[in-house]
Amino acid sequence: MSRLKIERHTARLLLWSALFNGVVLSLNQTQDIIARKALLAKDWQLMLITMIWPLANLCSIWWGRIFERSCHKSRYFLLAGVLGRLSLVYAIWLSTMNEYLVVLTLMYAFNSLLVPAQNTIYQKNIDLTRRAKVYGITISVGMAVSIGVSFLAGRLLDLNESYFRWLLAGTGICGFISTTLLYKIRIQDGEPCAEREPAALKDQILDPVRRMLKVLKENKDFAKFERSFSIYGMGFIVMTPIIPIYLVNYLKLSYTANFLAKGILSQVGMLLLSPYLGRLHDRYHPFRFISIAFATLVLFPALIILSSMFMQISYLAVALVFIAYLMYGIAMSAVNIAWNMGSIYFAGKEDAAMYQSVHVTMTGIRGLIAPVLGFVLMRLIGIMAVFGAAAFFLILASLISYRDYRHLKLRKLST
């Protein structure tokens, strides 16, 4: 099969996979609302939900190492599908918030394998000049499904709250189909793969950590990219567990209104802009790209703060929140492209799965700090202090990224 045919076949399977994965994306946006309204999650349990995703990502450097050394990479997509997605079918019998936390932990633990694994597909099977464009199109496909599912889910849960169990089970089945389609993609390694002798347990644990530190030490630009994303991540994660508290307890929004904001308006940007922003990412340097993305995202906490000033005029406060989520969707469509494609840029000819696993693991480090900081600020100062802190981190990340871009341009001019 020619290279072009391989690329087209890969792109088709990626698109079909994104179609089913759109249902999982819907859950990513609405899982905390389900926790707060249907399972009456306490504040500390909402904090744990926020921490599950980044903490599960700490496993990514070990997943990335296993994936890099394996001659049978495709089987890991099936593993993630069975244990990370089909496990959601247990939700049919789910009755407590703690059970909900367990099934989400399984889903995110194996998602930290899927992210670097998918990056390898893009690196090996899709040409550099079309990589982010193809990724952007798959995101738009996934978002279209996610928006439709979010709308139907909101309407359904307003009719009968207990139906959330069947929604979770259906999400697991669709997620499994998505990973099965990824399993059918044959990664083009370009050279015969030789099975390696398994390393000692100590080395299996420590080698990925050493490799991560080595990558960050030797690839200075990638380290700067990670620093900026870590600062952005503090701003993003610090407000994440606080948002459902504001929407449910302060604004008193129904399932339909909550899902309209978090599951539909927040994803319109990704639906409409991802292909265009993918092409833009192919042309812009990642430092310049993320500087603009982070600056745009500052509008989200700023508009939330503004909405709190109109609590006595409820329709105006809700309207401002809806506008905030529209701006969030626009900004996050760019952030999402950079989050998934940026590490491939810095990896160059090295293995992209390892670079992405480093990138994903770094989210786990800030995930230990940011949610706790958010709750401390809310308890000591007030809920709007959290959104103020988020805006500060996002502005800082944008300015530092722009400075890195300017320094890079000057460095190139001097050589």
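Everything here concerns the structure above.
Each value, and the rule that gives it
Residues numbered from 1 in each chain as written. Predicted model: local features only at pLDDT ≥ 70, side-chain atom pairs only at ≥ 80, totals over all residues. Heavy atoms only, no water. Helix = DSSP H or I, 4+ residues; strand = E, 2+ residues; numbered from the N terminus. Rg over C-alpha atoms; globule rule 2.2 N^0.38 Å. Contact = heavy atoms within 4.5 Å. Areas by Shrake-Rupley, 256 points an atom, 1.4 Å probe, with all protein chains shown as cover. Lys, Arg positive; Asp, Glu negative; His and termini not counted. Charge placed at Lys NZ, Arg CZ, Asp CG, Glu CD. Buried < 20%, exposed > 50% of the residue type's maximum accessible area, 1.4 Å probe, protein only. Arc of directions from axis to C-beta. Polar contact = N/O pair within 3.5 Å; in protein donor to acceptor, adjacent residues only side chain to side chain. Patch = residues over 30% accessible without salt bridge, like charges linked within 9 Å, V, L, I, M, F, W, Y side chains within 5 Å. Salt bridge = Lys/Arg side-chain N within 4 Å of Asp/Glu carboxyl O. Axes fitted to C-alpha atoms, helices over the stretch in contact; angles between N-to-C directions. Parallel < 35°, antiparallel > 145°, perpendicular 65-115°, else oblique. Nonpolar A, V, L, I, M, F, W, Y, C, P; charged D, E, K, R; others polar. Core = buried A, V, L, I, M, F, W, Y, C linked by side-chain atoms within 4.5 Å. Left-handed = near helix turned anticlockwise from the far one by under 90°. Phe/Tyr/Trp six-rings, centres within 6.5 Å; stacked < 30°, edge-to-face > 60°. Lys NZ or Arg CZ within 6 Å of the ring centre and 35° of its normal.

Below, the discussion takes up the overall build of the chain. Broken down by element type, the chain carries 17 helices and 0 strands. A compact globule built from 415 residues would reach a C-alpha radius of gyration of about 22 Å, and the chain, at 21 Å, matches this within 12%. In terms of overall dimensions, the chain has a C-alpha envelope of 65 × 55 × 40 Å along the principal axes. Intrachain contacts of the chain at a sequence separation of at least 6 include 87% that bridge at least 24 residues. Within the structure as shown, the chain displays about 17,900 Å² of accessible surface, and the carbon and sulfur contribution to it stands at 66%. Across the chain, 42 positive and 21 negative side-chain charges occur, with their mean positions spaced 6 Å apart.

With that out of the way, let us pick up helix H16 (residues 370-380). Buried within H16 we find Ala-370, Pro-371, Gly-374, Phe-375, Leu-377 and Met-378. Angularly, the buried residues of H16 cover 160° about the axis, an arc narrow enough to put them on a single face. In H16, the exposed positions that point more than 90 degrees away from the buried face belong to Arg-379 and Leu-380. In the stretch just after H16, Gly-382 is the one whose phi turns positive, near 145°.

Moving on to the environment of Tyr-122. When you line up the elements, Tyr-122 lands in helix H5 (residues 97-125). A sequence separation of 119 residues divides Tyr-122 from Pro-241, and the C-alpha atoms of the two residues are 32 Å apart. Look past the residues within four positions of Tyr-122 in its chain and what remains in contact with it is Leu-14, Arg-131, Val-134, Tyr-135, Thr-138, Met-341 and Ile-344. One polar contact links Tyr-122 to Thr-138, side chain to side chain, over a distance of 3.3 Å.

There is a patch of nonpolar side chains on the surface, built from Leu-79, Val-82, Leu-83, Leu-86, Ile-173 and Ile-177 and spanning about 420 Å² of accessible area. Those elements giving two or more residues to the nonpolar patch turn out to be helix H4 (75-85) and helix H7 (164-183). With 3 residues, the single largest contributor to the nonpolar patch is H4. Of note, Ile-177 is situated in helix H7. Assessed through its relative accessible area of 31%, Ile-177 is described here as partly exposed.

A few words on the packing of helix H6 (residues 131-159) against helix H11 (residues 255-283). Axes are the key here: two packed helices are described by the angle between their axes and the distance separating the axes. Where H6 contacts H11, the two axes come as close as 8 Å, and the packing angle between them is 170°. Here H6 is positioned roughly antiparallel relative to H11, judged by the angle of their axes. Classifying every residue of the contact of H6 with H11 gives 16 nonpolar, 11 polar and 6 charged.

The next subject is the nonpolar core. Judged by nonpolar contacts, the single largest core of 133 residues is most densely connected at Tyr-100, Phe-229, Tyr-232, Leu-247, Phe-300 and Tyr-325. With 19 residues, the top contributor of residues to this core is helix H14 (residues 314-347). Excluding its chain neighbours within four sequence positions, the residues that come into contact with Phe-300 are Met-239, Ile-243, Ala-324, Tyr-325 and Tyr-328.

Let's shift gears to the side chain of Asn-219. Here Asn-219 is to be found in the loop between helix H8 (201-218) and helix H9 (220-239). Under the relative-accessibility criterion, Asn-219 is labelled buried at 16%. Of the polar contacts made by the side chain of Asn-219, one reaches the backbone nitrogen of Phe-222; its length is 3.1 Å. Not counting residues up to four positions away in its chain, the partners in contact with Asn-219 are Phe-346 and Tyr-355.

At a minimum axis separation of 9 Å, helix H2 (residues 43-56) and H16 run at an interaxial angle of 150°. Classified by the interaxial angle, the pair formed by H2 and H16 is roughly antiparallel. Between H2 and H16 lies a crossing of right-handed hand. Contacts between H2 and H16 involve Asp-43, Met-47, Thr-50 and Met-51 from the first element and Pro-371, Val-372, Phe-375, Met-378 and Arg-379 from the second. Looking at the contact of H2 with H16 residue by residue, the class counts come to 6 nonpolar, 1 polar and 2 charged.

Moving on, we get to H4. Within H4 the residues assigned to the buried category are Tyr-76, Phe-77, Ala-80, Gly-81, Gly-84 and Arg-85. Seen end-on, H4 carries its buried residues on one side only, within an arc spanning 145°.

All chains considered together, the criterion is met by 5 salt bridges. A salt bridge links Arg-36 to Asp-43; the shortest N-O distance between them is 2.9 Å. In this structure, Asp-43 and Arg-379 form a salt bridge, with 3.1 Å as the shortest nitrogen-oxygen distance. One end of the pair, Asp-43, is in helix H2; the other, Arg-379, is in helix H16, with 336 residues separating them in the sequence.

To continue, consider the packing of aromatic side chains. Here the structure, examined in full by the defined rule, presents 19 aromatic pairs. A network of ring pairs unites the aromatic residues Phe-222, Phe-225, Phe-229, Tyr-232, Phe-236, Phe-287, Phe-294, Phe-300, Tyr-325, Tyr-328, Tyr-345 and Phe-346 as a single cluster. The lysine or arginine in question, Arg-186, covers the ring of Tyr-183, its NZ or CZ lying 5.4 Å from the ring centre. The cationic tip of Arg-288 hangs over the ring face of Tyr-284; the distance from NZ or CZ to the ring centre is 4.0 Å.

A few words on unusual backbone geometry. Of note, the phi angle at Leu-40 is positive, near 50°, even though the residue is not glycine. Relative to the helices and strands, Leu-40 is located in the loop between helix H1 (3-37) and H2. When its relative accessible area of 63% is taken as the criterion, Leu-40 is described as exposed. In this structure, Lys-252 takes a positive phi of about 60° despite not being glycine. Here Lys-252 is to be found in the loop between helix H10 (243-250) and H11.

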